[in-house]
Amino acid sequence: MTKSVPIITVDGPGGAGKGAVCKQIAETLSWHLLDSGMLYRLLALSAINHHVALDNEAAIEVMASALDVQFASAAGQKGIRAFLEGDDVTAELRSEDVGMAASKVAVIASARLALLARQRAFAELPGLVADGRDMGTVVFKHAPLKIYLTASVAERAKRRYKQLLENGQSGNLARLTEAIGARDRADMGRSVSPLCPAEDALIVDSTALSIDQVCETIISEAKSRLLI
Ligand code: C5P
């Protein structure tokens, strides 16, 4: 009998800490990590680079099926590096503009479908931590542990601002707060795979919690469900 792959899904709005939490849990458990937002960002960047309108559904679907991407995690480096058509685009992907563009291509149902198999292929033993917006509701519907990680808009804007400065980019807190609110509305209000907690998700509010505290909560939940 093939052993089923244990999966922890972590969904939630931008800036709630999903990226850092998922990375830390994957490292602690030595599990695989899927950053599905990165795929949507890569798709958006590819559209921008090829001068394809972000609402051109047919062209975006073709791009999603043929997306030439590679991921690499180099020892001692922060996070995963992403390559689009051979170029390292990791830094470019993190900008708020690319995030907003990703949110636009993410409303295209056929493009989401085209990215489904690519995302599911990350589910490999010994386990997977999947970070996104629809991991628990669509992509890994049968995951045994689903988390919905959220935080207040003000706190998320502050975190993004700090992140941008740390990455050597500039930021404006008021504009970031506005952008985060706009992306929440776009992600929660769309008709395909809207951002919402799965019915069986555990809701974790990270506004007043550290990354370590969120990770401890999730890992102790995984233990109590005999996942690890
Ligand atoms: O998480 P991140 O900010 O990188 O995601 C960028 C955008 O990609 C989100 O605002 C959302 O619109 C889209 N996305 C999605 N489904 C996912 C992951 C990201 O629609 N599973």
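Below you will find a few notes about this structure. Per-chain numbering applies: the sequence of each chain, read as written, is numbered from 1 onward. At least 70 in pLDDT is required for a residue's local features to be given in this predicted model, at least 80 for side-chain atom pairs to be given and counted, and no such filter applies to totals for whole chains, interfaces and linings, which use all residues. Side-chain metrics in this entry use all non-hydrogen atoms of the structure; hydrogen atoms and water are not considered.

**Re a negative patch on the surface**
Point 1. Within this analysis, patches are made of residues with over 30% relative accessible area and no salt bridge. Like charges are joined at 9 Å or less; nonpolar side chains (Val, Leu, Ile, Met, Phe, Trp, Tyr) at 5 Å or less. Here the open area of atoms and residues is found with the Shrake-Rupley method and a 1.4 Å probe, where only the protein chains shown may cover a residue. The rule for a salt bridge is simple: a side-chain nitrogen of Lys or Arg has to be within 4 Å of a carboxyl oxygen of Asp or Glu. In summary, the charge assignment counts Lys and Arg as positive and Asp and Glu as negative, without counting His or the chain termini. Charge positions come from single atoms, namely NZ of Lys, CZ of Arg, CG of Asp or CD of Glu. A surface patch of negative charge is lined by D68, E85, D87 and E92.
Point 2. The topology assignment puts E85 in the loop between β4 (81-84) and β5 (87-88). By definition, any uninterrupted DSSP run of H or I lasting at least four residues is a helix, any uninterrupted run of E lasting at least two residues is a strand, and each is numbered from the N terminus.

**Re the site of the ligand**
Point 1. Near residues are defined by distance, with any heavy atom within 4 Å of the molecule or strand qualifying the residue. Inspection of the region around the ligand gives 16 residues, with R41, R112, R133, R183 and D187 positioned closest.
Point 2. We define a polar contact as two N or O atoms separated by no more than 3.5 Å, with the added condition that, inside protein, one atom must be a possible hydrogen donor and the other a possible acceptor, whereas residues neighbouring each other in sequence contribute only through side-chain atom pairs. In this structure, an oxygen atom belonging to the ligand sits 3.5 Å away from a side-chain N or O atom of S103.
Point 3. Residue D134 places a side-chain N or O atom 2.9 Å away from a nitrogen atom belonging to the ligand.
Point 4. Look at the ligand: alone it shows 460 Å² of surface, and the protein chains cover 96% of it.
Point 5. Looking at the shell around the ligand, the elements with two or more residues in it are α2 (36-49), α5 (96-105) and α9 (173-189).
Point 6. At four residues, the largest contribution of residues to the shell around the ligand is made by α2.
Point 7. Grouping the amino acids of the shell around the ligand by side-chain chemistry returns four nonpolar, four polar and eight charged. Asp, Glu, Lys and Arg are counted as charged, while Ala, Val, Leu, Ile, Met, Phe, Trp, Tyr, Cys and Pro are counted as nonpolar; the rest, among them Gly, fall into the polar class.

**A short note on the sheet that holds β5**
To summarise the sheet geometry, strands pair through backbone hydrogen bonds and adopt either a parallel or an antiparallel arrangement.
Point 1. Paired strands are those between which DSSP finds at least two bridges. Here three strands make up an open sheet; going across it, the order is β3-β4-β5 and the pairing antiparallel. Two strands lie at the open edges of the sheet, namely β3 (69-72) and β5, each paired on one side alone.
Point 2. Summarising the sheet, β3 and β4 pair through four bridges and their orientation is antiparallel. If you follow V69 over to β4, its bridge partner there is L84.
Point 3. Contacts are residue-level and defined by heavy atoms, with any inter-residue pair within 4.5 Å sufficient. The convention used is that axes are lines fitted to C-alpha atoms, helices contributing only their stretch in contact, and that angles between N-to-C directions extend from 0 to 180 degrees. Contacts from α2 reach β3 and β4 within the one sheet, and its direction differs from that of β4 by about 35 degrees.

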